[in-house]
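Okay, here's what each chain looks like letter by letter:
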Amino acid sequence: MLMPPLIAGVTMAVRKWGEGLGGWIGGFPWVAGPISFFIALEHGAAFAASTITSALLGSVGTMLFALVYATLSSRMRWLPTVLLSYGAFFVVALLSLGRDISLAAGVGLNMVVLTLVLYFFPKPKTKADFKKQPSWDIPLRMLVATLFVVALTQAADYLGPTWSGILTPFPIMTSTLAVFTHSQQGSDAAIRILYGLLLAGYGFVAFLVGVAWLVPQMPIGVAYGILTVSTMVVNGITIKLIR
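The rules behind the values
Residues numbered from 1 in each chain as written. Predicted model: local features only at pLDDT ≥ 70, side-chain atom pairs only at ≥ 80, totals over all residues. Heavy atoms only, no water. Phe/Tyr/Trp six-rings, centres within 6.5 Å; stacked < 30°, edge-to-face > 60°. Buried < 20%, exposed > 50% of the residue type's maximum accessible area, 1.4 Å probe, protein only. Helix = DSSP H or I, 4+ residues; strand = E, 2+ residues; numbered from the N terminus. Expected span 1.5 Å × (residues − 1). Salt bridge = Lys/Arg side-chain N within 4 Å of Asp/Glu carboxyl O. Contact = heavy atoms within 4.5 Å. Axes fitted to C-alpha atoms, helices over the stretch in contact; angles between N-to-C directions. Parallel < 35°, antiparallel > 145°, perpendicular 65-115°, else oblique. Left-handed = near helix turned anticlockwise from the far one by under 90°. UniProt positions renumbered as here; feature names shortened; annotations may be inferred. Polar contact = N/O pair within 3.5 Å; in protein donor to acceptor, adjacent residues only side chain to side chain. pLDDT = per-residue confidence, 0-100.

Q: Got a sec to walk through the packing of aromatic side chains? Specific residues and values, please.
A: As enumerated under the stated definition, the model contains 13 aromatic pairs in all. Ring centres 5.3 Å apart and planes at 90° place the aromatic pair Phe-89 and Phe-90 in the edge-to-face group. Among the residues examined, Phe-90 registers a relative accessible area of 33% and is labelled partly exposed. The interplanar angle of 85° and the centroid separation of 5.0 Å between the aromatic rings of Tyr-119 and Phe-120 together place this pair among those described as edge-to-face. For the pair Tyr-119 and Phe-120, one class covers both residues: exposed. One aromatic cluster in this structure is built from Phe-65, Tyr-69, Tyr-86, Phe-89, Phe-90 and Phe-170.

Right, dumping it as structure tokens:
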């Protein structure tokens, strides 16, 4: 029930304020947050916290997804671009299996990779040019993103904490926004929205660290409320970097 209004709200933000700021808003843990929250409710705070080191590795895959998509989008249509970008995510996911990494090492890896990806991220060649979207655009985005979330939360019953963690940052919002933007407005618009999404990655890392530290220590609802505010504060620092 949460997912449809979230994807609709982010889409309207993109249309109102442009791909850069809209992407930045979309980069908040709107998807991973509810997934983590409901995993904590259904499987316990300790289970949710145990997924975080794997989630940090999965987060690296999401960063590479965005980089691959932005790089290929000017040469390919949206379908092969998104499939190859998903491939980049799952390569990282498979390489992460069986890796015993500390929370500090996972955070450090994310900071380094995210900073490098943002530095080398492709730059759009044209100025933003908004085009009117068809009436079915937002309902279809809502349906696609919601199906992804339902599949991932239900899969947690069978996958265990490692795969649940890796798939928590799966690029649901990222790929939904990238594909629809790419197909309707072109490569440069997709690049701008992906760059904005990545800028919110620092706040996402802070959110994951908070899940590991806070969720086992206090009521689940209180912990996730604090994490929501903290993520907004961290991401507020990066807003001036939007292209």
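Picking up where we left off.
Q: Please provide a residue-by-residue account of helix α5 (residues 52-72), values included.
A: Taking 1.5 Å per residue as the helical rise, α5 with its 21 residues ought to reach 30 Å, and the 30 Å between its terminal C-alpha atoms agrees with that figure. Here α5 lies mainly inside the structure; 16 of its 21 residues are buried.

Q: Before we move on, can you summarise the pattern of salt bridges with the specific residues and values?
A: Using the criterion set out here, one finds three salt bridges in the structure. Residue Asp-137 is joined to Arg-15 by a salt bridge in which the shortest nitrogen-to-oxygen separation is 2.5 Å. Note that Asp-137 is positioned in helix α8 (residues 137-167) and Arg-15 in helix α1 (residues 3-17), a separation of 122 residues in sequence. Here Arg-141 and Asp-137 are joined by a salt bridge, their closest N and O atoms 3.0 Å apart. Linking Arg-141 with Asp-137, this pair stays in helix α8, spanning four residues, or about one helical turn. Here Arg-141 and Asp-137 have matching classes, each one buried.

Q: Kindly report on the environment of Thr-176, identifying the contributing residues and their values.
A: In this fold, Thr-176 is placed in helix α9 (residues 172-185). With relative accessibility at 3%, the residue Thr-176 sits in the buried group. Along the backbone, Thr-176 and Ile-7 are 169 residues apart, and their C-alpha atoms lie at a distance of 8.8 Å. Excluding anything up to four places from it in sequence, Thr-176 contacts Ile-7, Arg-141, Val-144 and Ala-145.

Q: An account of the packing of α1 against α9 is requested, with residue identities and associated values reported.
A: Between α1 and α9, whose axes approach to 12 Å, the crossing angle comes to 45°. As the angle between them shows, α1 and α9 are arranged oblique. Crossing geometry of α1 relative to α9 is assigned as right-handed. For the pair α1 and α9, the contacting residues are Met-3, Ile-7, Val-10 and Thr-11 in the first and Met-173, Thr-176 and Leu-177 in the second.

Q: Please provide a residue-by-residue account of the UniProt feature "transmembrane region" (unreviewed entry) in the chain, values included.
A: Look at the UniProt record and you will see "transmembrane region" (unreviewed entry) annotated at residues 21-41, 47-71, 78-97, 103-122, 138-156, 162-181, 193-215 and 221-242. Within the segment residues 21-41, helix and strand shares are 76% and 0% respectively, and the terminal C-alpha atoms sit 32 Å apart. End C-alpha to end C-alpha, residues 78-97 measures 29 Å, and it is 95% helix and 0% strand.

Q: An account of the environment of Leu-103 is needed here, citing residue identities and associated values.
A: Locating Leu-103 in the fold gives a position in helix α7 (residues 103-120). Taking the C-alpha atoms as reference points, Leu-103 and Ile-52, separated by 51 residues in sequence, lie 7.8 Å from one another. If we skip the residues at most four places from it in the chain, Leu-103 touches Ile-52, Thr-53, Leu-56, Val-209, Ala-212 and Trp-213.

Q: Explain the side chain of Thr-11 to me, and be specific about the residues and the numbers.
A: Along the chain, Thr-11 falls in helix α1. Here the side chain of Thr-11 touches Ile-7 through a polar contact of 2.8 Å, landing on its backbone oxygen. The contacts of Thr-11, once residues within four sequence positions are left out, are Asp-137, Ile-138, Arg-141 and Leu-177.

Q: An account of the confidence of the model for the chain is needed here, citing residue identities and associated values.
A: Residue-level pLDDT values for the chain average 85, and 95% of them are 70 or greater. Within the chain, the lowest mean pLDDT, 77, falls on α8, and the highest, 94, falls on α7.

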